[in-house]
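Structural characterization, general
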Amino acid sequence: MSDPKKKPRLRNADMSRTKIPQQGDFCSLHREIKLADERGSALVLVMFIALLFTLLGVTVLSATVGGAQRTETRKNEVQSLHLAEKTLEETIAYMTAELEGIVKDSRHEAQGVLEQDIDTYLQTLRQGTEQLSVSTELTRADGRILDISYERVSAAGQPSSYIVNLTAEAMVNGVKRELVQEITFDTYPDFLKYTLGSEGNVILNGSPQIRGNIYAGKGLYINDLAEYLYQSSELKRMPSSPFELQGEAHVQSLDGMEYTRNGRTWTAAELDREGVSWTGVIPLDQILIKNQRKFVQINVRESFTDKVVESIGAPAGGDSLWQNVSGRLNGGLTELLEQHPAFYDVPEQLPLKPEVPEYPEGSDPNAEGLSEEEALRMRESIEQWSTYREGIQRFTRPARSLAYEGDVVFDGVELTGIEAGGANAWYVVEGNVKIDNFSDQPLRIAANMLITGRLEIRGNVELDSTIFVLGAAQNGTSTLVEDASISGLGVIMSEGPILVNRHDAFQDTVRPLNAFFYTDASAELYGVGSIFSLKGGFFAKGDLTVNAIRGRATAGSGDIDVDLSSELIRFQAEYDSEVYLKQADGLPRVNQISVKAGNLRLK
């Protein structure tokens, strides 16, 4: 029996209120815990991906912004370089215009006065570089010249050239660049810078050899057929190669250069586009485009007048004097120069050779044993021969400038040459001049000459002078160089045509011509039957045509026979830069300034 005093036990009651987990309950709990874990992992993954994309976006944005900044900086660099280059170009154009004005204003003044004026201008410009700026449409941009330095270059009385160094600075949006360029200005005539050239067309037929630069003011035509006349008036053609140029070709355009081979013609531009390669084609790096408007021209008649005016001191009122001289070139020039005895000796006639016999040097008419008649004849002979020799001396060794009205022949016998009468001395002949000398000893012409008539040169001549020739053409020529060998280095400028002729055709001996030739007309040069050898230059205002072959040539029946196995060059022309030094006093004045721009250099 149970004890009524015992308290009831609560275990059964508690157990009845507590639910004992079953196996299915454990599975459900596990799923809940697992779901909670997955939700936490997903949140971390989403946050990581978000962070990754944020970093990627920031990187892309940073790269984009940085690229834009670099692009802007590069753009500013390019614009600043272009602005600096524009500043240099405008400064060079400004200086060129100013210097040409100085050259024209000093046209009738001495060379020294012109050079002093140029010096003064460059010094003034150097001190005022702040005025040399350039306008631009760019915002926050500025271009100006920082510095101008120059050097005057001359030697032994040579006309000066000026080497100018320009430094330009340009700034665009804070990006600064500096460019330096060297410019050379001079007042030399451009024709003296070339071996062969023309203000018109240059036509090179056959196989000439040219050492130095050539210039074509219009077209340059190179053909493999040499043209010539032989025993008839029928024009003959002979193929010959190679054409050879050891120098540059200065032309107007590649389309203005034509090559003809085997009857087919190509322009230099077409050959370049098509990639065609021919022997004798001038490489592109030897071709320079030089605009004809920049070519410094001369005019023989005006230069002749300039030299006459300079020779009498170019006093005040030079313009009126220049006009007076210019009006007397067809007559009356000697009469005008006679009015300036301080500068000119004006003989009335050439010395006449005495008809009486010449007694040996040292003969004494007072010697014992001579009859009165014999002593008289001796005195007359000595007096006449003394007067004659003084007259010869007057023409061959003038003490100052000389002017003579009439024809003069230097034959190597009586008139044996000329030695200049000092600096700026001129030998003026109002008539024709012949220089004929076939002795082994060269006849020396060492005086600058002004000839209103024609000039003929034959034989062995040493030329150390500048000669201006105005004579009207006779038989198609104003200046004739025939069977001549010219040593030294002279300059011959002829208003009319120049003919270089060889009577001794089919000879293999070379008679060199050391000279520069210029004509206001057209010219034709041949190295076909004869050999043409030039050391200097030949330039024509009109067209210049060269015909040349290679090989040993002999007279044939109906045509010239050529031994093609021989490598004899029958036409060769080589440049000589010594002309500026040797002929400085006589070179013609020009009305333009010559400009040569060097390469740009980033500082």
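Here's what I pulled together on the structure shown here. For clarity, every value in this text was computed on a predicted model and none was experimentally measured. (Residues numbered from 1 in each chain as written. Predicted model: local features only at pLDDT ≥ 70, side-chain atom pairs only at ≥ 80, totals over all residues. Heavy atoms only, no water.)

**Overview of unusual backbone geometry**
Note the cis peptide between Ser 241 and Pro 242, where omega equals 10 degrees. Mapped onto the elements, Pro 242 comes out in the loop between strand 11 (235-239) and strand 12 (244-246). At Asn 173, a residue that is not glycine, the phi angle is positive and equals roughly 50 degrees. Along the polypeptide, Asn 173 turns up in the loop between strand 3 (161-172) and strand 4 (175-186). Classification of Asn 173 by relative accessible area gives partly exposed; the value is 27%. With a phi angle near 60 degrees, Gln 231 is a residue other than glycine that sits in the positive phi range. As for its position among the elements, Gln 231 is in the loop between strand 10 (225-229) and strand 11. (Helix = DSSP H or I, 4+ residues; strand = E, 2+ residues; numbered from the N terminus. Buried < 20%, exposed > 50% of the residue type's maximum accessible area, 1.4 Å probe, protein only.)

**Structural notes on the layout of surface pockets**
By volume, the largest pocket is sized at about 960 Å³. Considering the residues around the largest pocket, the lining is formed by 28 residues, among which Lys 290, Ser 594, Val 595, Lys 596 and Ala 597 are closest to the centre. When residues of the lining of the largest pocket are traced back to their parent elements, those giving at least two are helix 2 (23-105), strand 4, strand 16 (287-289) and strand 37 (594-602). Tallied by class, residues from the lining of the largest pocket come to 11 nonpolar, 8 polar and 9 charged. Its boundaries defined by the atoms lining it, the second largest pocket holds a volume of some 620 Å³. What lines the second largest pocket is a set of 30 residues, and nearest its centre among them are Glu 227, Tyr 228, Leu 229, Tyr 526 and Val 528. (1 Å grid on protein atoms, 1.4 Å probe; cavity = no way out; pocket = protein on both sides within 12 Å on 5 of 7 lines; lining within 4 Å. Points joined across faces, edges and corners; volume = space filled by probe spheres on them. Nonpolar A, V, L, I, M, F, W, Y, C, P; charged D, E, K, R; others polar.)

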